[in-house]
Every structure is written in structure tokens, then in C-alpha cells.
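# Structural characterization, general
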Amino acid sequence: MCKLEKFIYHKKLWEMKVKFLGDSKFKNSLVSRSRMSLWMIRAMTILLLWSCFVHLVALGEMWGPRLLKGWPSCFNHGHDFPMAAAQEMSSLPMKLALPPKRIYQNNGYLMVSCNGGLNQMRAAICDMVTIARYMNVTLIVPELDKTSFWNDPSEFKDIFDMDHFITSLRDEVRILKEVPPRLKRRVELGVYHTMPPISWSNMSYYQDQILPLVKKHKVLHLNKTDTRLVNNELPVEVQKLRCRVNFNGLRFTPKIEELGRRVVKILREKGPFLVLHLRYEMDMLAFSGCSHGCNRYEEEELTRMRYAYPWWKEKVINSELKRKEGLCPLTPEETALTLSALGIDRNVQIYIAAGEIYGGKRRLKALTDVFPNVVRKETLLDSSDLSFCQNHSSQMAALDYLISLESDIFVPTYYGNMAKVVEGHRRFLGFKKTIELNRKFLVNLIDEYYQGLLSWEVFSTTVKSFHATRMGGPKKRLVIPNKPKEEDYFYANPYECLQLLHENENGNSLDETK
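Residues numbered from 1 in each chain as written. Predicted model: local features only at pLDDT ≥ 70, side-chain atom pairs only at ≥ 80, totals over all residues. Heavy atoms only, no water.

An unreviewed UniProt entry annotates the protein chain as O-fucosyltransferase family protein of Brassica rapa subsp. trilocularis.

## Side note on the overall build of the protein chain
The cut-off we apply is this: Here a strand is any run of E in DSSP of at least two residues, a helix any run of H or I of at least four, and the numbering for each starts at the N terminus. Here's how the labels work: a residue is buried when its accessible area is under 20% of the maximum for its type, exposed when over 50%, partly exposed in between, all with a 1.4 Å probe on protein chains only. We call two residues in contact when some of their heavy atoms are within 4.5 Å. A 1.4 Å probe and the Shrake-Rupley method give the accessible areas. Residues count as covered only by the protein chains that appear here.
Looking only at helices and strands, the protein chain has 20 helices and 9 strands in total. Each of the 514 residues in the protein chain was classed as buried or not, and the buried ones make up 48%. For the protein chain, restricting intrachain contacts to residue pairs at least 6 apart in sequence, the fraction spanning at least 24 positions comes to 77%. If you sum the accessible surface of the protein chain, you get close to 27000 Å²; carbon and sulfur atoms cover 57% of it.

## Side note on the side chain of Arg228
Put simply, the rule reads: Two N or O atoms count as a polar contact when they lie within 3.5 Å, although within protein this holds only if one can serve as hydrogen donor and the other as acceptor, and sequence-adjacent residues are included solely when both atoms are side-chain atoms.
By the element assignment, Arg228 lies in the loop between β5 (219-222) and α8 (236-249). Relative accessible area serves as the criterion here: at 9%, Arg228 is assigned to the buried category. Within polar-contact distance, the side chain of Arg228 engages the side chain of Ser199 at 3.4 Å. At 2.7 Å, the side chain of Arg228 forms a polar contact with the backbone oxygen of Asp226. Setting aside anything within four residues of it in sequence, one finds Arg228 in contact with Asp127, Met128, Pro196, Pro197, Ile198, Ser199, Trp200, Ser201 and Tyr206.

## Observations concerning helix α3 (residues 118-135)
This is how it is decided: Expected span of a helix, by definition, is 1.5 Å for each gap between consecutive residues, and there is one gap fewer than residues.
Counted at 1.5 Å a residue, the expected span for α3 with its 18 residues is 26 Å, and the 26 Å between its end C-alpha atoms agrees. Just beyond α3, the residue with positive phi is Asn136, at close to 55 degrees.

## Focus: the packing of helix α13 (residues 332-341) against helix α19 (residues 456-467)
For the record, the criterion: Fitted lines through C-alpha atoms give the axes, limited to the stretch in contact for helices. The angle between two N-to-C directions lies from 0 to 180 degrees. Here roughly perpendicular refers to angles of 65 to 115 degrees, roughly parallel to angles under 35, roughly antiparallel to angles over 145, and oblique to all remaining angles. Classification convention: Asp, Glu, Lys, Arg as charged; Ala, Val, Leu, Ile, Met, Phe, Trp, Tyr, Cys, Pro as nonpolar; all other residues, Gly among them, as polar.
α19 packs onto α13 with a crossing angle of 85 degrees between their chain directions and a minimal axis gap of 8 Å. As judged from the angle between their axes, α13 and α19 are roughly perpendicular. Every residue of α19 that contacts α13 at Leu337, Thr338, Ser340 and Ala341 is listed here: Trp456, Phe459, Ser460, Val463 and Lys464. For the contact of α13 with α19, the class distribution of residues is 5 nonpolar, 3 polar and 1 charged.

## So, the pattern of salt bridges
Going by this rule: Think of a salt bridge as a Lys or Arg side-chain nitrogen and an Asp or Glu carboxyl oxygen that are within 4 Å of each other.
All chains considered together, the criterion is met by 31 salt bridges. The salt bridge partner of Arg427 is Glu436, with a shortest N-O separation of 3.3 Å. According to the relative accessible area criterion, Arg427 is buried, its value standing at 1%. Here Glu436 falls in the buried class, since its relative accessible area comes to 10%.

## A look at the sheet that holds β5
This is how it is decided: For two strands to be treated as a pair, DSSP must find at least two bridges joining them.
Here we have 5 strands laid out as an open sheet, ordered β3-β2-β1-β5-β4, and parallel in their pairing. The outermost strands of the open sheet, each flanked by one partner alone, are β3 (175-176) and β4 (193-195). As paired elements, β4 and β5 share 3 bridges and run parallel to each other. From the neighbouring strand, Met195 faces β5, where its bridge partner is Leu222. Helix-sheet contacts for α3 involve β1 (109-112), β2 (138-140) and β5, and the interaxial angle to β1 is about 165 degrees.

Rendered as C-alpha cells:
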């Protein structure tokens, strides 16, 4: 009997344990399921929030910027200066999701060596990216010119934000920092095809003549890049890609951009400012043969310099004839007279975006006597601030480029590469005021004024009326068939990329003369 009771007792005890364990497992299962549900809710919430964010970004890009929607420029730009500009430029740009990579059959690798100064190379890089995209090849980050007059050793990464360049354009073209390892040794040994493409070519030239060479050699090196793509007669999507590279893909390094913001902030604290691209440097004068206003010693020095560079083909130059044709940069004296005639306030800050002015303070005196608030980056910053870009002309030019974009008025005294590219960028930013001086008209008028043939009132009125429609406003490019050098440059007026112009075309007629 005792054994039976003991058996029954142990049986009940076992059943209680089993029930207890079963309940525990059931409870644990409920807890596990509850946690799983909570995790799923959190995951779905995150996905929903991310989806909302992406849609908001898309809507912001669609309805936000006025021009080339969603393509930020070097700085954040506002219209209420100076307060809005200072606030916007002090803020960091919002980081957006990277575009998806474009998947395509790679036809080979394109290496390019740019030639010329910063802005000539900038335009060339835009062209090379566009060409690479439409040939379906992989572009190697462009090599910058280190052998020209300026002897600037800067690499691409020293001037431009290379990672941004690669990632921001990856939905159009694959860009690599260097050739793949399997081809690296071949490139180091020089076993690849190299050539200069024909200037002012259209896309069919690259499709029909250059692409077969890429496919044949796998690696093609283009050793000249300036003006290798036509200004006109290209599909709109090609022109827009050139703009996208220029206004979004090419961003200067954070160090250069931060320094640019500092200079603009210093200038804005004292009010509006004008940027004067006074292209009166020794190399420009020697190359062009323009010596008006120089003494005999300076004329001889410029001539010696011109003969010292064999790739400057023109040696014997009639300076005065060139000046009369409007092919010389304005002198500091002519510039001071022109700005005064245009009615520029003598107390305005004038920032000189240029290298060392030939003749120094002696030649600048004519300008500073009339406009006492003339400044340069060297006078606004400590030498330590500029130490990283000393003896690096392209980095200095990048700083001047940023400040030129932000100015209330931009005035170039010579229509070179910087003048053209900055003018086009300012159009993109909302047709910011850029005074396009007609040098041929001005020098002849100035000579008449100096000879006493015109009173100041007549001289000033004539200068103002002539330039009233040359302020960087909307217009179409002048097209001259078979004369690309004489027609309007694409990067000075990329009107296919400017929304306001398309709106005008759909509504009001477009002014062809502004």
C-alpha cells in the first residue's frame, strides 16, 4: 500500500513538472513571438520612414531648385544677400542617397590627360565624362596638366573632390581612380594606344572612329582634351550631361571650399562686392603680345618670354593692331575708366581674381586711385591660410572661381577660359550679373576720350547704353556653321540646361541680344 501511494505521488509530481515545463515553453513562445512582432513593426516603420524620405527628396529636387533641378553647385545659393548668403554658406550641405550604378557592357578603358589652365581643364573633364558615357567605356580619373607654363604639380584629388566626382556620376558612367590591376602593368610599360582627338568633333566621330580603337586596344589614352566636343548640334541629353558634370560632379575639395566660404563671409560683412577678373598677368601679355602701356624694358621682357616657350606659336605680334581689334586684355587704366563710365560705386569692394598683376602697384595705382577698396585673397587672409595652395596656380584659381560665383557683379577684362566658364555657371545660378565687356568697342572709345573728342558725359552714356544688353541675361548661343572658334562657347551659355529659357520658349519670345 505504501508503495502504491508512493507511486501515485511520484506520478502526480511528474505530471506537475511536465505541465510546468509545458507552460514555460508556451510562455517563452509567446514572448518570442511578441519580440518578433515588435522587431517586424520596427523594421516596417524604418522602411516606411526611409520611403517617405526618398519621396520627399525626389519632390524637393522636382520642385525646389529653379535651374537643373537637384544639381547643387559649389555653395548653397540664396537670393537675399547678404544675410541669407552668410547663413546658407555657413551650413553644411545635406548628404543625399547615392544614385544607383548604371549597368552596361564595358567597351574598354579611357585615360585622358588634360591640357591648359584650371578652367580649360574643367570644361575638358565635362566633355570627357560625356564622351565616355556615350561610348559605354570606363573612364579613369583624368590626369591634370603639370607641364604647361604654370608648372602646377596638383593632382585631380588636390583640386576636386574625387570621391564625389566618382559617386555622383555613377548612374551615368563608371569612373575608376586607376586602371584595374590586370591592366596596370601594361599601362606602366606604355603598351596602350595614345592620340589627340580632333578638335570640335561631334558624337558620331567618337562613336565611329574612337570607340573602335578602344575596343581594339582595350585601353585608349587621349593626350589632348581642350575643345574636343562641338558647341552645338548635339542631343539635349548630351548637353545636359555636360552641365551635370560641370555644376554637380565637379566639386572642389572641402579645404578649398571652406576657404572660399571664409573669403566670401569676410567680403559680405562689409557689403556688396564686385569680382574683377583682371587678366593682366605676365604670361597673358607675353602670349598675346599685348604691351600697351608697358615701358620698353617690359616690352622686351615679354618678348623674351614669348620666344622661350616653343608651343606659343605666334612670335611676331603687332601689339597696337591687336588691341584695336579687341584681342588684348584691358589694362588697369582702361579698366578703371570703364568701371567708372558704367557707374560702379567708387566705394564698392573690388576683389581681384587673378595672379600677380604685371607692373605691380605701379600699374594698379590707376585703379586704386578711383576705387580705394580693392582687395585680393592675399590681403584678406593670413599667409598661413594660403600655405597649402602656394605655388599651386590651379588651386588658387579654384579659390577665385568660388568667390567669382558668389559676387554681386562679375567683370572679366579678357574673354578667356575662366571668364567664359564662370559666366556660364553664373547663368545657371539664376543669371547673376556678369558684365560682358566689348573690348574692341571700348578701346576705340577710350582713345577718342583721351584725345578730347568726347566729353565724359558722352563717353559714360555711350559705354552704359552699349553694355545695357550685355549683363549675362538669357539668350541663345550664336551659332556659326563650320566656325566653332568664332561662335558662342557652350560653357559660357549652356542654355539647354537653364529652365528659365525653356519657360520663355514655351511662353514669351526669347531675347536674342541680352
